[in-house]
Amino acid sequence: MSGTAGCEKMKTPGNMRRRLQALSWLLLVVAVGLGVHFTIQFITKGDSAHSGESPAVPKILELETTNPERARKARAGMHRYDEICRLCHHRDGHGGRFTPSLAGKTAIGVETMLNLYRDGHKVGPMTELMAPWAKELSDEEVQNLGIYIELLN
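We now turn to the structure provided with this report. All figures in this text were calculated on a predicted structure; none of them were measured in a lab.

Re the overall build of the protein chain
Within the protein chain one finds eight helices and zero strands. For the protein chain, the α and β elements follow one another from N to C terminus as α-α-α-α-α-α-α-α. The long-range share in the protein chain, meaning contacts at least 24 apart out of those at least 6 apart in sequence, stands at 60%. Only carbon and sulfur atoms are counted for the fraction: they give 63% of the accessible area of the protein chain, which is about 10,100 Å².

Written out as structure tokens, the structure is:
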């Protein structure tokens, strides 16, 4: 008798509604998570403007014959760019819908901006987003990124 009373209690409209709401939230969280996952996969590995060889590679190869040390720094900057900058600023440095273009920036200009972010200065509307990334960079990485980004022109 107590077994049937328990079953009837679970089937009340209030309990069913709460279970459906919980299930709906769970499905929403899973859907958003999958959407973010596949978007990031597409951007970083997909067949898009974000993938493929850097447009600066020919310039780096040319630089290797005239200034091997600067070419080494540019390659190191390219690898770091691919790890932390490419997702927002894209492979070619032209930025996206909500992120600024880096194309046309000089090495000194890039280094100055990254150092301002690292030092906690308010640079513009992207400061809150950029500062944590910049704080992770060493002085050498800042210099290497500047050299590489200059080659994206």
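As for a nonpolar patch on the surface
Taken together, the side chains of Leu20, Leu23, Leu26, Leu27 and Val30 define a hydrophobic patch exposed on the protein surface, amounting to about 480 Å² of accessible area. Checked against the element boundaries, leucine 20 lands in helix H2 (residues 13-45). Its relative accessible area of 53% is what places leucine 20 among the exposed residues.

Things to note about helix H6 (residues 107-118)
Given a rise of 1.5 Å per residue, twelve residues ought to cover 16 Å, and the 16 Å separating the end C-alpha atoms of H6 matches this to within 8%. When H6 is considered as a whole, its buried residues turn out to be Ala107, Val110, Glu111, Leu114, Tyr117 and Arg118. For H6, the arc enclosing every buried residue in end-on projection is 125 degrees, short of the 170-degree limit, so these residues lie on one face. Looking at the buried positions of H6, the neighbouring elements they touch are helix H4 (68-84), helix H7 (127-135) and helix H8 (139-151).

Some details on the packing of helix H3 (residues 57-66) against H4
Contact geometry of H3 with H4 gives a least axis separation of 6 Å together with a crossing angle of 150 degrees. The pairing of H3 with H4 is recorded here as roughly antiparallel in orientation. In this structure, H3 contributes Val57, Ile60, Leu61, Leu63, Glu64 and Thr66 to the contact, and H4 contributes Pro68, Arg70, Ala71, Ala74, Arg75 and Met78. Residues belonging to the contact of H3 with H4 are distributed by class as follows: eight nonpolar, one polar and three charged.

Some points on the packing of aromatic side chains
Under the counting rule described, the total for this entry stands at one aromatic pair. On the numbers, 5.3 Å between centres and 55 degrees between planes, the contact of tyrosine 81 with tyrosine 148 is tilted. With tyrosine 81 in helix H4 and tyrosine 148 in helix H8, the pair connects residues that are 67 residues apart, well separated along the chain. The buried category is assigned to tyrosine 148, whose relative accessible area is 0%.

Digging into unusual backbone geometry
Positive phi values are uncommon outside glycine, yet histidine 90 reaches one of about 70 degrees. Along the chain, histidine 90 turns up in the loop between helix H5 (86-89) and H6.

Description of the packing of H6 against H7
Running from N to C, H6 and H7 cross one another at 95 degrees; their axes reach a closest spacing of 8 Å. As far as their axial angle goes, H7 and H6 are roughly perpendicular. Of H7, the residues touching H6 (which contributes Leu114, Tyr117 and Arg118) are Thr127, Met130, Ala131, Ala134 and Lys135.

Concerning the side chain of arginine 80
Note that arginine 80 resides in helix H4. Setting aside residues up to four positions removed in sequence, arginine 80 forms contacts with Cys85, Glu136, Leu137, Glu141 and Leu145.

Focus on the pattern of salt bridges
In the structure shown here, the tally under the stated rule is seven salt bridges. Its salt-bridge partner being arginine 80, residue glutamate 141 comes within 3.0 Å of it at the nearest N-O pair. With glutamate 141 in helix H8 and arginine 80 in helix H4, this residue pair connects regions lying 61 residues apart in the sequence. With a closest N to O distance of 2.7 Å, arginine 91 and aspartate 82 form a salt bridge. Judged by its relative accessible area of 27%, aspartate 82 is partly exposed. When salt bridges that share partners are traced, they join Arg80, Glu83 and Glu141 into one network.

So, how was this worked out
- Residues numbered from 1 in each chain as written.
- Predicted model: local features only at pLDDT ≥ 70, side-chain atom pairs only at ≥ 80, totals over all residues.
- Heavy atoms only, no water.
- Helix = DSSP H or I, 4+ residues; strand = E, 2+ residues; numbered from the N terminus.
- Contact = heavy atoms within 4.5 Å.
- Areas by Shrake-Rupley, 256 points an atom, 1.4 Å probe, with all protein chains shown as cover.
- Patch = residues over 30% accessible without salt bridge, like charges linked within 9 Å, V, L, I, M, F, W, Y side chains within 5 Å.
- Salt bridge = Lys/Arg side-chain N within 4 Å of Asp/Glu carboxyl O.
- Buried < 20%, exposed > 50% of the residue type's maximum accessible area, 1.4 Å probe, protein only.
- Expected span 1.5 Å × (residues − 1).
- Arc of directions from axis to C-beta.
- Axes fitted to C-alpha atoms, helices over the stretch in contact; angles between N-to-C directions.
- Parallel < 35°, antiparallel > 145°, perpendicular 65-115°, else oblique.
- Nonpolar A, V, L, I, M, F, W, Y, C, P; charged D, E, K, R; others polar.
- Phe/Tyr/Trp six-rings, centres within 6.5 Å; stacked < 30°, edge-to-face > 60°.

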